[in-house]
Amino acid sequence: MEAWSHDRWRIPLPEGHKFPIDKYERLRRRVEADGVVIHQSEPVPWEWLEAVHDADLLARIRDGAMTVREQRGLGLPWSELLVERGRRSVGGTLGAAAHALAHGIGMNLGGGTHHAGRTFARGYCLFNDVAVTLARLRAEGRARRALVVDCDVHQGDGTAQILGPDPDAFALSLHGARNYPFERIASDLDVDLASGTGDDEYLAALSDALDTALAFDFDVAFYLAGADPWEGDRLGRLSLTKAGLRARDEHVLHRLTPRAPVVVVLAGGYAPDVDDTVEINAATVDIVRSLS
Ligand SMILES: [Zn+2]
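Cut-off values and rules
- Residues numbered from 1 in each chain as written.
- Predicted model: local features only at pLDDT ≥ 70, side-chain atom pairs only at ≥ 80, totals over all residues.
- Heavy atoms only, no water.
- Helix = DSSP H or I, 4+ residues; strand = E, 2+ residues; numbered from the N terminus.
- Rg over C-alpha atoms; globule rule 2.2 N^0.38 Å.
- Contact = heavy atoms within 4.5 Å.
- Areas by Shrake-Rupley, 256 points an atom, 1.4 Å probe, with all protein chains shown as cover.
- Lys, Arg positive; Asp, Glu negative; His and termini not counted.
- Charge placed at Lys NZ, Arg CZ, Asp CG, Glu CD.
- Donors = N, O, S within 2.8 Å, 3.2 Å for Na, K, Ca; no water.
- Tetrahedral: all angles 85-135°; square planar, octahedral: opposite > 155°, others 65-115°.
- Buried < 20%, exposed > 50% of the residue type's maximum accessible area, 1.4 Å probe, protein only.

This next bit is on the overall build of the chain. In terms of regular secondary structure, the chain is built from 10 helices and eight strands. A globule of 292 residues ought to have a C-alpha radius of gyration of about 19 Å, and the chain, at 17 Å, matches this closely. Viewed in the frame of its principal axes, the chain has a C-alpha envelope of about 45 × 45 × 40 Å. Counted over contacts in the chain with a minimum sequence separation of 6, partners at least 24 positions apart contribute 76%. For the chain, the exposed surface amounts to about 11400 Å²; the carbon and sulfur share of it is 47%. Once the 32 positive and 44 negative side-chain charges of the chain are each reduced to a mean point, those two points are 3 Å apart.

So, in structure tokens, the structure goes:
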């Protein structure tokens with residue numbers, strides 16, 4: 001198996017910051033030790049980001065001129081490294097997509113930055129890797145219609161802003177009803193789950209949602225395998241076990257892979273002990289490997 005990582009671009013963060021910067025390196029080391037070949041993600045050119053994001057927003061990000069309000073919404077301190085890392089995170093999803101188109105499935109050990117919209121960058125998300133990758137695949141004539149299955153515990157508002165009005169894309173988001181973001185933008189299908197939802201209820205809702213989503217024809221699928229629906233997550237509010245998350249990944253991937261190439265990205269995970277998030281992510285990698 002091959003996968004993409006940008007963990008060497010570590011952003012400077014204040015002591016005690018909630019963003020789990022350690023998970024990227026720990027996950028890469030763990031799966032590399034298991035024999036996964038790691039490609040270093042390349043930074044995407046700004047023109048490719050401009051296909052999706054507002055040019056003024058991009059200029060403010062590039063020049064370190066985001067407003068105080070924008071920086072607070074992003075939740076990460078601006079630095080040149082932050083921007084470089086963001087461009088490489090998108091590059092990883094592009095690499096994984098190229099691999100998926102050739103081999104059926106590909107994975108970025110990062111990405112899933114679904115709170116980045118056309119006109120905003122918030123919730124730890126600078127650029128929308130999935131939307132930029134789709135725009136690039138279309139520009140190259142390699143795919144047109146896309147299905148996004150977003151199982152991060154937070155609603156995919158940025159993806160919804162970009163792909164919601166797009167008739168050639170279907171965005172499904174399964175998330176905690178009482179969770180960030182509190183101002184929503186509607187996806188093609190939003191599934192709001194009550195706080196405390198456990199494995200069985202979650203998997204039933206997922207299966208129903210996929211019945212609807214899979215009525216859509218698509219050339220490529222993106223799966224956001226967020227680790228944050230886990231019962232121990234600090235920002236989650238749902239109560240899935242690690243076995244339940246594994247069953248979720250298997251269910252999604254076993255239904256998507258027969259239909260089209262699938263690009264898997266990490267999205268969130270905020271376990272108090274980062275190794276729990278890494279364990280959940282590594283289980284996703286194992287399932288991807290079994291399908292590679
Ligand atoms: Zn999340």
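Don't stop here, the text continues.
It is worth spelling out the coordination of the zinc ion at this point. As a benchmark, a tetrahedral metal site with four donors has ideal angles of 109.5 degrees, while an octahedral site with six donors has ideal angles of 90 or 180 degrees. Those donors, D152 (OD), D152 (OD), H154 (ND1) and D228 (OD), are the protein atoms that reach the zinc ion, and they lie 1.9 to 2.6 Å from it. Around the zinc ion, the four donor atoms are arranged such that angles at the metal cover 55 to 153 degrees; this shape is classified as irregular. Mapping the donors of the zinc ion onto the primary sequence gives the spacing D-x1-H-x73-D. Of the two residues, D152 sits in the loop between strand 4 (146–150) and helix 7 (157–163) while D228 sits in the loop between strand 7 (220–224) and helix 9 (242–256), which places them 76 residues apart along the sequence. For the pair D152 and D228, one class covers both residues: buried.

Trans peptide bonds make up the majority, and among non-glycine residues the majority have a negative phi. Of note, the bond from Y180 into P181 is cis; its omega dihedral lies within 30 degrees of zero at -5 degrees. The residue P181 is located in the loop between strand 5 (169–176) and strand 6 (189–193) in this model. Located in the positive-phi region is Y124, a residue other than glycine, with phi close to 70 degrees. Tracing the backbone shows Y124 in the loop between strand 3 (105–107) and helix 6 (129–139). In this model, A267 sits at a positive phi of 60 degrees, which is unusual for a non-glycine residue. As for its position among the elements, A267 is in the loop between strand 8 (262–265) and helix 10 (274–291). Owing to a relative accessible area of 7%, A267 belongs among the buried residues under this scheme.

Spatial relationships are all this shows, so hold off on functional conclusions.
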